Amino acid sequence: MPPLHGVRILAVEVYGAGPFGSSHLADLGAEVIKIEHRASGGDVSRAVGPYFLGEGDGHFFQSLNRNKKSLALDLKHPLGQEVLQRLAAIADGLMGNLRGDQPEKLGITYQELSKVNAKIVCAHLSAYGRDGARKSWPGYDYLMQAEAGWLSVTGEPDGPPARMGLSVVDYSTGTSCALALLAGILEARRTGRGRDIDVSLYDVAMHQLNYPAAWYLNEGLVTGRAPRSAHPTIAPSQLYRSRDGWIFIMAQTQRFWELLCDRLGRTDLAGRPEFHDMAARRLNRDSLSEILDKEFSRCTTAEWLERLGGTIPCGPVHDLAQALENPYFLARGGVQLFDHPERAGFKLVASPFRIGEPLPARPAPKLGQHTEEILKELGFDDQEVLNMRQSGAI
């Protein structure tokens, strides 16, 4: 059985960050019940293109919601709240990613759900948190990158501010929320008492400033951009030109620097005063880049990888297609296949977790696909289910 078999999570989630985080839990075997409002079309990501797999489903939605169940439920309806209460009574946790002012309005806080389950853990992922002046503000990944300073350290020094090419704040906040939820569940199993846990896009984006933040907070150093995507303090650790493109070299230690000089046939560089140690190489980064560009331009990237790989930390610079068709990635089982009702052999990037056995591989659910199944499990009879459907609660 997968590690989280038997763990039941209610997911009041939309779009990216929340679904990404709960997808980790579903991949690891948890029963993730995705609560969606049918009248609004469910999770907004069901309508995100450009590629679709029938109405209310598409590649974007599948990439964030595999292995989950879908319960169509209006949490603002009294009967919807009755269903939520019954679900919460048998759930380990709830994970949501709504605006910070919404959990209390929808009754998905620990204060409300602990009335039926003292051990439930409610993890709330929001843009700016559930307290403070911005709790009601909407927010998205790119806004956090901008305000948290990420754009100021990304790109070339003479270019405009640049964001990360992927929604890294969404992904890292979702993962952080899933981690916090599991920690809360472990505590609840030990103590018999759950809690609310808050994680925000803004706080996670700021937290990831990490060591540049420590440099500024303690020494006043403002880290900026360095040419060629270079490390702010270590050289050589950046892009270099090869005969047919680029190669990324990361000689992060003195030993790797000396090994690089040896593999380049330029042991003289290691002995030169301006490149002797890490501090000297940082001060003379530009002149070192000129020398190493000439050296790396002698061979193709593939030839350098053959010569340096496994000894010097180095890597090719791929586009998206090259990355996904990389033989090493494919050999590691990086692509997961499953049969979607609209498309056999549908492909997604596999979970990064390797546990020695296959992880679940079920397509993301249709809107409300598991509604009747879940309601019957909760003890509602056919007439009650019909009443809910006719009243718009499900």
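Look up a bit, the structure's there.
Residues numbered from 1 in each chain as written. Predicted model: local features only at pLDDT ≥ 70, side-chain atom pairs only at ≥ 80, totals over all residues. Heavy atoms only, no water.

> Explanation requested: the overall build of the protein in the structure shown.
Regarding its fold elements, the protein presents 18 helices and eleven strands. Dimensions of the protein, computed from the C-alpha atoms along their principal axes, are close to 85 × 50 × 40 Å. Looking at the protein as a whole, 45% of its 394 residues are labelled buried. Relative to all contacts within the protein whose residues are 6 or more apart in sequence, the contacts with residues 24 or more apart total 67%. For the protein, the accessible area works out to roughly 19,700 Å², and carbon and sulfur atoms hold 55% of it. Charged side chains in the protein number 43 positive and 47 negative. The centres of these two groups are separated by 2 Å. (Helix = DSSP H or I, 4+ residues; strand = E, 2+ residues; numbered from the N terminus. Buried < 20%, exposed > 50% of the residue type's maximum accessible area, 1.4 Å probe, protein only. Contact = heavy atoms within 4.5 Å. Areas by Shrake-Rupley, 256 points an atom, 1.4 Å probe, with all protein chains shown as cover. Lys, Arg positive; Asp, Glu negative; His and termini not counted. Charge placed at Lys NZ, Arg CZ, Asp CG, Glu CD.)

> Mind showing me how you'd approach the nonpolar core here?
The nonpolar side chains of a soluble globular protein tend to be buried, and buried together. The biggest cluster of nonpolar side chains holds 32 residues, and the ones touching the most others in it are I9, L25, A30, V32, M144, L181 and L201. Elements with a contribution of two residues or more to this core: β1 (8–12), α1 (17–27), β5 (121–126), α7 (168–191), β6 (196–200) and α8 (201–207). The greatest single-element share of this core, amounting to seven residues, is contributed by α7. Setting aside residues up to four positions removed in sequence, L25 forms contacts with L4, I9, A30, V32, M95, A178, L181 and L182. Residues I120, I374, M388 and I394 belong to the second largest nonpolar core, which totals 28 residues. (Core = buried A, V, L, I, M, F, W, Y, C linked by side-chain atoms within 4.5 Å.)

> For this particular structure, what's the right way to read the sheet that holds strand β3 (residues 69–72)?
Paired through backbone hydrogen bonds, the strands of a sheet run either parallel or antiparallel to each other. The strand order across the open sheet built from six strands is β3-β2-β1-β4-β5-β6, with neighbouring strands paired in parallel fashion. If you trace the sheet from one side to the other, it starts and ends with β3 and β6, each paired once. Here the average twist between neighbouring strands, direction ignored, is 20°. Pairing between strand β2 (residues 31–36) and β3: four bridges, direction parallel. Paired with K34 across the strands is S70, a residue of β3. Of the strands in this sheet, β1, β2 and β3 touch helix α3 (residues 78–89), which is tilted by about 145° from β1. (Pairing = 2+ DSSP bridges. Axes fitted to C-alpha atoms, helices over the stretch in contact; angles between N-to-C directions.)

> What is the right way to look at the side chain of H231 in this model?
Among the secondary structure elements, H231 is positioned in the loop between α9 (210–219) and β7 (237–241). A relative accessible area of 14% places H231 in the buried class. Among the polar contacts made by the side chain of H231, one reaches the main-chain amide nitrogen of T233 at a distance of 3.0 Å. Of the polar contacts made by the side chain of H231, one reaches the backbone nitrogen of I234; its length is 3.2 Å. When sequence neighbours within four positions are dropped, the list of residues in contact with H231 reads Y211, S237, Q252 and R285. (Polar contact = N/O pair within 3.5 Å; in protein donor to acceptor, adjacent residues only side chain to side chain.)

> In this structure, what is going on with the packing of aromatic side chains? I would like to understand it.
Remark: the centre distance and the inter-plane angle together describe each pair of aromatic rings, the angle taken between the planes. Taken as a whole and judged by the stated rule, the model has ten aromatic pairs. Judged by centre distance (5.9 Å) and plane angle (85°), the rings of Y15 and Y140 are edge-to-face. Linking Y15 in the loop between β1 and α1 with Y140 in the loop between β5 and α6 (141–147), this pair joins segments that are 125 residues apart in sequence. Members of the aromatic cluster, each reached through a chain of ring pairs, are Y15, F60 and Y140. R86 extends its terminal NZ or CZ atom over the ring of F380, reaching a point 3.8 Å from the ring centre. One Lys or Arg, R163, reaches over the ring of Y142 and ends 3.9 Å from the middle of that ring. (Phe/Tyr/Trp six-rings, centres within 6.5 Å; stacked < 30°, edge-to-face > 60°. Lys NZ or Arg CZ within 6 Å of the ring centre and 35° of its normal.)

> Can you help me understand a nonpolar patch on the surface in this one?
Nonpolar side chains collect at one region of the surface, where V14, Y15, V44, Y140 and L143 lie side by side and expose about 450 Å² of accessible area between them. Following the sequence through the fold, L143 ends up in helix α6. (Patch = residues over 30% accessible without salt bridge, like charges linked within 9 Å, V, L, I, M, F, W, Y side chains within 5 Å. Salt bridge = Lys/Arg side-chain N within 4 Å of Asp/Glu carboxyl O.)

> Is there a simple way to explain the sheet that holds β7 in this structure?
The strand order across the open sheet built from three strands is β7-β8-β9, with neighbouring strands paired in antiparallel fashion. Looking at which strands have only one partner, the edges of the open sheet turn out to be β7 and β9 (314–316). Strand after strand, the sheet turns through a mean of 25° between neighbouring axes, direction not considered. Bridging between strand β8 (residues 246–250) and β9 involves three bridges; their strand directions are antiparallel. Along β9, the bridge assignment pairs F248 with G315.

> Honestly, α1 in this entry has me stumped. Any pointers?
Three or four residues apart is the spacing at which side chains of an α-helix point the same way, because the helix has 3.6 residues per turn. Of all eleven residues that make up α1, ten are buried, and the element is covered over most of its length. By the burial criterion, the buried members of α1 are A17, G18, P19, G21, S22, S23, H24, L25, A26 and D27. Phi turns positive one or two residues past the end of α1, at G29, with a value near 105°.

> Got a minute to help me understand the environment of G333 in this structure?
Turning to its location among the elements, G333 is positioned in the loop between α16 (327–331) and β10 (335–340). The partly exposed category is assigned to G333, whose relative accessible area is 38%. Separated by 270 residues in the primary sequence, G333 and S63 place their C-alpha atoms 17 Å from one another.

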